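Per-entry structural report
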Amino acid sequence: MNLFTHYREAITGLIDELIKAGDLPAGLDASRITVEPPRDPSHGDITTNAAMVLSKPAQKNPREIAALLAAKAEKLDGVQAVEIAGPGFLNMRLSDDFWHARLRDVLDAGVAYGDSALGAAAKVNVEYVSANPTGPMHVGHARGAVFGDVLAALLEKAGFDVTREYYINDAGAQVKVLARSVHLRYLEALGQDITIPEGLYPGDYLVDVGKALAKSEGDKWKDAPESDWIDLFKDFTIAAMMELVKADLLALGVKHDVFSSERDLVENGKVDEALDFLKDNGLLYQGVLEPPKGKLPDDWEAREQLLFKATAFGDDVDRPVQKSDGTWTYFAADMAYHLDKYRRGFAEMIDVWGADHGGYVKRMQSAIKALTDNKGTLDVKLCQMVSLLDNGVPVKMSKRSGTFVTLRDVVDKVGKDVVRFIMLTRKNDAGLEFDFAKVTEQSRDNPVFYVQYAHARVNSVMRMAVEELSADVVNDDAIHGASLERLDDAAELSLIKLLAQWPRMVESAATAHEPHRVAFYLGDLAAEFHALWNKGKDNKGLRFIIADDVDLTLARLAMIRAVANVIASGLQVFGVTPVKEMR
RNA sequence: GGCCCCGUAGCUCAGUAGGAUAGAGCAUCAGAUUUCUAAUCUGGCGGUCGCAUGUUCGAAUCAUGCCGGGGUCACCA
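Residues numbered from 1 in each chain as written. Chains lettered and ligands numbered in written order. Predicted model: local features only at pLDDT ≥ 70, side-chain atom pairs only at ≥ 80, totals over all residues. Heavy atoms only, no water.

**Observations concerning the overall build of chain A**
Quick reminder of the rule: Each helix corresponds to a stretch of at least 4 residues labelled H or I by DSSP, and each strand to a stretch of at least 2 residues labelled E; elements are numbered beginning at the N terminus. Each residue's exposure class comes from its accessible area (1.4 Å probe, protein chains only) as a fraction of the maximum for that residue type: buried when under 20%, exposed when over 50%, partly exposed otherwise. Contacts were defined at the residue level, with two residues in contact if any of their heavy atoms lie within 4.5 Å. Accessible areas in this description were obtained via Shrake-Rupley with a 1.4 Å probe; residue shielding takes into account the shown protein chains only. In summary, the charge assignment counts Lys and Arg as positive and Asp and Glu as negative, without counting His or the chain termini. Note that the charge is assigned to NZ on lysines, CZ on arginines, CG on aspartates and CD on glutamates.
When helices and strands are tallied, chain A shows 21 helices and 15 strands. With the C-alpha coordinates aligned to their principal axes, the bounding extent of chain A is approximately 85 × 65 × 40 Å. Of all 583 residues assigned to chain A, the portion counted as buried reaches 50%. Within chain A, residue pairs in contact and separated by at least 24 positions form 72% of the contacts whose partners lie at least 6 positions apart. Carbon and sulfur atoms make up 49% of the accessible area of chain A, which amounts to about 27,200 Å² in all. Taken together, the 68 basic and 88 acidic charged side chains of chain A have centroids lying 2 Å from each other.

**A word on the environment of D248**
Among the structural elements, D248 can be located in helix α8 (residues 226–251). Residues D248 and K341, spaced 93 residues apart in sequence, show a C-alpha to C-alpha distance of 26 Å. Those residues in contact with D248, other than ones at most four positions away along the chain, are P136, M137, L407 and R408.

**Here's the deal with the protein's contact with RNA strand B**
Keep this limit in mind: Residue proximity to a molecule or strand is established when one non-hydrogen atom of the residue lies within 4 Å of it. N or O atoms closer than or at 3.5 Å make up a polar contact, with two conditions inside protein: a donor-capable atom paired with an acceptor-capable one, and, for residues adjacent in sequence, both atoms drawn from side chains. Here the term charged refers only to Asp, Glu, Lys and Arg, the term nonpolar to Ala, Val, Leu, Ile, Met, Phe, Trp, Tyr, Cys and Pro, and the term polar to all other amino acids, Gly among them.
Neighbouring RNA strand B are 69 residues; K323, S324, Q442, W533 and R543 lie closest to it. Among all atoms of RNA strand B positioned within 4 Å of the protein, those belonging to sugar or phosphate total 56%. Side-chain polar atom of T47 to a base nitrogen of RNA strand B: 2.9 Å apart, as the coordinates give it. For the surface near RNA strand B, the secondary structure elements donating two or more residues are α2 (50–58), β4 (89–94), α6 (173–189), α16 (447–469), α19 (502–512) and α20 (516–538). Among the elements that line the surface near RNA strand B, the one with the most residues is α20, at ten residues. Tallied by class, residues from the surface near RNA strand B come to 24 nonpolar, 21 polar and 24 charged.

**Overview of helix α5 (residues 139–157)**
Defined as follows: For a helix, the expected span equals 1.5 Å multiplied by the residue count minus one.
With 19 residues, α5 extends 27 Å between its outermost C-alpha atoms, agreeing within 8% with the 27 Å of an ideal straight helix rising 1.5 Å per residue. Burial within α5 is extensive, with 16 of its 19 residues counted as buried. Looking one or two residues past α5, G159 carries a phi angle of roughly 95°, positive in sign.

**Quick word on the packing of helix α14 (residues 416–423) against α16**
Selection criterion: Only the contacting stretch of a helix is used when fitting its axis, a line to C-alpha atoms as for every element, and angles between N-to-C directions run 0 to 180 degrees. Roughly parallel here means an angle under 35 degrees, roughly antiparallel means over 145, roughly perpendicular means 65 to 115, and every remaining angle is called oblique. Less than a right angle of anticlockwise turn of the near helix away from the far helix marks a crossing as left-handed, whereas a clockwise turn marks it as right-handed.
Where α14 meets α16, the closest approach of the two axes is 9 Å, and the angle between their N-to-C directions is 110°. When the axis of α14 is compared with that of α16, the two are roughly perpendicular. Here α14 and α16 pass one another in a crossing that is right-handed. Taken together, the residues of α16 that come into contact with α14 (itself represented by V418, F421 and I422) are P447, V448 and V451.

**Comments concerning the packing of aromatic side chains**
How we decide: By convention, a stacked pair of Phe, Tyr or Trp rings (six-membered ring in the case of Trp) has centres within 6.5 Å and planes under 30 degrees apart, an edge-to-face pair has planes over 60 apart, and any other such pair is tilted. Charges are assigned to positions over rings by a cutoff of 6 Å between ring centre and Lys NZ or Arg CZ, combined with an angular limit of 35 degrees from the ring normal.
Summed over the entire model, instances satisfying the criterion amount to 17 aromatic pairs. An angle of 10° between the planes, with centres 4.1 Å apart, marks the rings of Y167 and Y337 as stacked. You can see Y167 sitting in strand β6 (residues 161–168) and its partner Y337 sitting in helix α11 (residues 330–343), a full 170 residues away along the chain. With respect to burial, Y167 and Y337 carry one shared label: buried. For the ring pair F529 and F544, a centre distance of 5.9 Å and an interplane angle of 10° mean the geometry is stacked. With F529 in helix α20 and F544 in the loop between α20 and α21 (550–574), this residue pair connects regions lying 15 residues apart in the sequence. The class for F529 is buried, based on a relative accessible area of 0%. Through a chain of ring-to-ring contacts, three or more aromatic side chains come together here, namely Y167, F308, F313, Y330, F331, Y337, W353 and Y360. For the cation-ring pair, R102 lies above F98, with the distance from its terminal atom to the ring centre recorded as 4.5 Å. Over the face of the ring belonging to Y450 we find R444, whose NZ or CZ atom lies 3.7 Å from the ring centre.

**Topic: the domain arrangement of chain A**
Applied cut-off: Annotation comment: domain bounds sourced from an automatic or database domain assignment.
Considered domain by domain, chain A is made up of domain 1 (3–94), domain 2 (173–239) and domain 3 (443–574). If you average the C-alpha positions of domain 1 and of domain 2, the two centres end up 71 Å apart.

**Focus on the nonpolar core**
What counts here: To define a nonpolar core, start from buried Ala, Val, Leu, Ile, Met, Phe, Trp, Tyr and Cys residues and group those joined through side-chain atoms within 4.5 Å.
One finds Y7 and F434 to be the most contacted residues of the largest nonpolar core, which totals 135 residues. In terms of residue count, α21 provides more of this core than any other element does, 14 residues in total. Here this core gathers at least three residues from each of two domains, domain 1 (3–94) and domain 3 (443–574). Excluding residues that lie within four positions of it along the chain, F434 makes contacts with V386, S387, L388, L389, V410, V414, V419, I422, M423 and V439. If you look at the next biggest cluster of nonpolar residues, it comprises 32 residues, including Y167, A274, M335 and F346.

**So, the pairing of strand β11 (residues 348–354)**
So the rule is basically this: Should DSSP find at least two bridges between two strands, the strands are regarded as paired. By convention, a crossover is right-handed whenever its connection, traced from the first strand over the helix to the second and viewed with the strands pointing away, goes clockwise.
The buried count for β11 comes to five of seven residues, which makes it a mostly enclosed element. With seven bridges joining them, β11 and strand β12 (residues 377–383) adopt parallel strand pairing. The residue of β12 that forms the bridge with G354 is C383. Note on the crossover from β11 through helix α12 (residues 361–372) to β12: the handedness is right-handed.

**Quick word on the sheet that holds strand β7 (residues 258–261)**
Taken together, five strands build an open sheet; the order of strands is β7-β6-β5-β11-β12 and the sheet is parallel. Every interior strand has two partners, whereas the edge strands, β7 and β12, have only one. Direction aside, neighbouring strands of the sheet carry axes that sit 25° apart on average. By the bridge criterion, four bridges tie β6 to β7 in an arrangement that is parallel.

**With respect to unusual backbone geometry**
Look at A121: it is not a glycine, yet its phi comes out positive at around 60°. Position of A121 relative to the elements: it lies in the loop between α4 (96–109) and β5 (123–127). Among the residues examined, A121 registers a relative accessible area of 54% and is labelled exposed.

Below is the structure:
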């Protein structure tokens, strides 16, 4: 249960009562009313702006409305005190019993705590990675991969029906170049000396593909014209590259439900279908684009081409859908792809792209508007660059010099959990530094460690408690039946309140499509837990284990177990394994 | 030149569908350890939220215009 949603409903209920009683006029718009935690804890546990928002439409002084609400709010379950503050805030303090009940919720739910029905099982499609199948994944791909994977998990936790999708760009000129590169490797495998010309893919990872083809095909394509072997080589190589990509993603713990092929779309006539739809609606025309303002590309020439009327849907210019050789542009196929997603039932689509594709967002969104009659929505999440450092020194990356850092290198070096967590410690549209030295160091500076350590520390205390008090006294049943009302210290209640925020965090992060908020929340939670742990040094009475008060000890163990539950719940969304020990 | 993103403490960044006195970490200064793992914690210092108008009861948050940084700009994907 998201307690803020709960009390928002209660407050709007009170407003209805006031309307019925004639104290407020009917027909008030409640949509702008918020119920949230106040910034300053001295203002209570929850606050609402209801009185201020209703002031104007109700033509009443906000403090007057607040007074009407306060009189009723005092009687709500769990509410201990109500006060009116500032311009008309209604601040409420909830009873200790209420918070103890929330702690009970955490213990009952375990890692499932925070699961929400917010999404109401609505279908959402999250497309991420979608890297060209032309080689192994590099670190730049990792961020989008983790972001998409975790956003999908977050949406699932918030109650959406999520499909994780990968779009294979296997129809363009690039895969042709790839197939030619492999043909050279094939000749090499047959014993020829080769040089790889500029423009083809020089990577070693194609050597084995060439060998495999030499083995299965023999030398029959040695002297054959390209048109005879190109399709075969394409198919074989794409399949091999996708195996490579999937293996890399698996190492990172990233999975997809659906792989869609651009080539399939083209071959199945989906592109024609989508374009026919646009044509029937008068949204395609032959035209000549204005040259871009400012510096012109060197090879610019005015050319008549088939254009989609993107400007009618919010884009800046109309967009070409057909190349001069008659084949479809990438954009045309991508339109067909998104229409296909829409027709498969995904009115809500999310795409995760690199920030260098930012210029493409408007045209895709305008296409979706045109193709779905404004019924489909696309949110594009752009992920900024990751800069790799080692102890502050940039790690040089260049495909040519061979110091190219692959995704696999990074995962092998620091582990998938570290890569995943760090990728989420920044907003997606902010740059991110990934420092090999920092992300593996065991200190406060390293958020992965810090959060993991809090989880490990809970388990450590648990082990210690069993050792000191015996397993007969400290066990699951005993902890579950603990007298939670014994938790009455301000610091303990404060920690419980933070735990109770988790369902709200899940919902807001999911709604905003911002998984990084979870990382910050987990950091805050870990900090508060570590702080409480340390309080036990200054004040022995605040230690978790109090040998001569088993009842209190069990209550505190229940509390810290709840901390571990919520951390584990968050890490589960991240696809990071919580550790129980960090020696 | 157009479009998109960013601009918050010395540094790295949060800031919850506009909310009350803008927060963390690092750095720096002063402290805490015969430990339930100090791999941690407590306190001090530190800000014209790039600038200016506007909308609003209320703006770091929304709108418009500037300034600065990055990305991108017809038949690549």
